[in-house]
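One-letter residues, chain by chain:
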Amino acid sequence: FFFFQEMEKLIACVHKRPDALCRLICFPWAGGGTLQLAQWGKLFSDSIEVFCIRLPGRETRLQEPFAKDMTSIVNEVANVLLKELKEKPFAFFGHSFGSYVSFALALHLKEKYGLEPVHLFISGAHAPHSERFLALKSLPVSDAKDEEVIAGLQILGGIPSELLHDEDILKKMVLTFRKDFGVLQTFLFEKAEMDIPFSCDITCFNGSGDEVHDVQAWQELTTGDTSFYDLPGGHFYLLEPSNESFLTKHITRCIENAGL
């Protein structure tokens, strides 16, 4: 029973598909919850079950302290989901901060258990060993005022307009974003010292109107194929229904082609 509770806490799954061939595990952006990506469960066919990871400090985990660093997130997800990950093939989809979490988890699973996703879907994220990622990590978010953080998130399109007038929700959102960003700053990946970590295919999606991400370097992280797609829109391009439809169809095709 304890294990079931841990699962319920960590995972949002709106459409259970016990007979699915593969699980797509989704990792939300900084400051985000499971609301949008968990709904993808309804968009996929019966062959894919969607799990969305819910980090502490939000939604049903509001009373829990935020994660302090990337290692504690990776350990929690790996410990709770290990049985599921061993039981059937899985793929990861992460957006922005979620891409780095999914990558850190994939590294851990590979090193510790020899497990690897059948496909890594990366969205709105630099390669984790690129100059741009180091520059991103050094942004002075912890020193910025709430107004500055809100302004920055607004430019990215990360705040639904109906929330802009809700002080409490905004405060909570900014706090969550700061805490997630603090976690991001604890993640260090040194490519130089290691062999190529993965053999799965990697697909990178980006909004064409978003800042340019250093995505080419993702090719150095797998012996599999790497593909790149620009979709219309800004940083949160993936919330547009037409893009959502493209993503779910494309992800399905990639997973089906992985020859499970």
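Residues numbered from 1 in each chain as written. Predicted model: local features only at pLDDT ≥ 70, side-chain atom pairs only at ≥ 80, totals over all residues. Heavy atoms only, no water.

Visitor: How should the side chain of Thr-176 be read in this particular structure?
Guide: By secondary structure assignment, the location of Thr-176 is in helix α7 (residues 167–185). Residues contacting Thr-176, with those up to four places away along its chain left out, are Gly-31, Gly-57, Arg-58 and Phe-66. (Helix = DSSP H or I, 4+ residues; strand = E, 2+ residues; numbered from the N terminus. Contact = heavy atoms within 4.5 Å.)

Visitor: Looking at this structure, I do not really get the packing of helix α3 (residues 70–87) against helix α4 (residues 97–113). What am I missing?
Guide: Packed helices, taken two at a time, are described by their axes: the angle between them and the distance between them. Close contact between α3 and α4 brings their axes to 9 Å; oriented N to C, the two are set at 60°. As judged from the angle between their axes, α3 and α4 are oblique. Between α3 and α4 the crossing geometry is right-handed. Taken together, the residues of α4 that come into contact with α3 (itself represented by Met-70, Ile-73, Val-74, Asn-75, Val-77, Ala-78, Asn-79, Leu-82 and Leu-85) are Tyr-100, Val-101, Ala-104, Leu-105, His-108, Leu-109 and Tyr-113. (Axes fitted to C-alpha atoms, helices over the stretch in contact; angles between N-to-C directions. Parallel < 35°, antiparallel > 145°, perpendicular 65-115°, else oblique. Left-handed = near helix turned anticlockwise from the far one by under 90°.)

Visitor: Help me understand the packing of aromatic side chains, please; the structure alone is not making it clear to me.
Guide: Each aromatic ring pair is summarised here by two numbers: the centre-to-centre distance and the angle between the ring planes. Applying the stated rule across the entire model yields 15 aromatic pairs. Taking 5.2 Å as the distance between ring centres and 80° as the angle between the ring planes, the aromatic pair formed by Trp-29 and Phe-236 counts as edge-to-face. Of this pair, Trp-29 sits in the loop between β2 (22–27) and α2 (35–38) while Phe-236 sits in the loop between β7 (226–231) and α8 (241–257), and the two are 207 residues apart along the sequence. Owing to a relative accessible area of 8%, Trp-29 belongs among the buried residues under this scheme. Pairwise contacts between aromatic rings join Tyr-100, Phe-103, Phe-133, Phe-187, Phe-189, Phe-198 and Trp-218 into one cluster. (Phe/Tyr/Trp six-rings, centres within 6.5 Å; stacked < 30°, edge-to-face > 60°. Buried < 20%, exposed > 50% of the residue type's maximum accessible area, 1.4 Å probe, protein only.)

Visitor: Would you mind going over helix α6 (residues 146–156) with me for this structure?
Guide: Count 3.6 residues to each turn of an α-helix, and residues three or four apart come out pointing the same way. Buried residues of α6: Val-149, Ile-150 and Leu-153, and no others. For α6, the angular spread of the buried residues around the axis is 100°, confining them to a single face. Away from its buried face, by an angle of more than 90 degrees, α6 presents the exposed residues Glu-147 and Ile-155. Residues of α6 that are buried in the fold lie against α7. Two residues or fewer past α6, Gly-157 is found with a positive phi of approximately 85°. (Arc of directions from axis to C-beta.)

Purely spatial values, then, with no claim about function.
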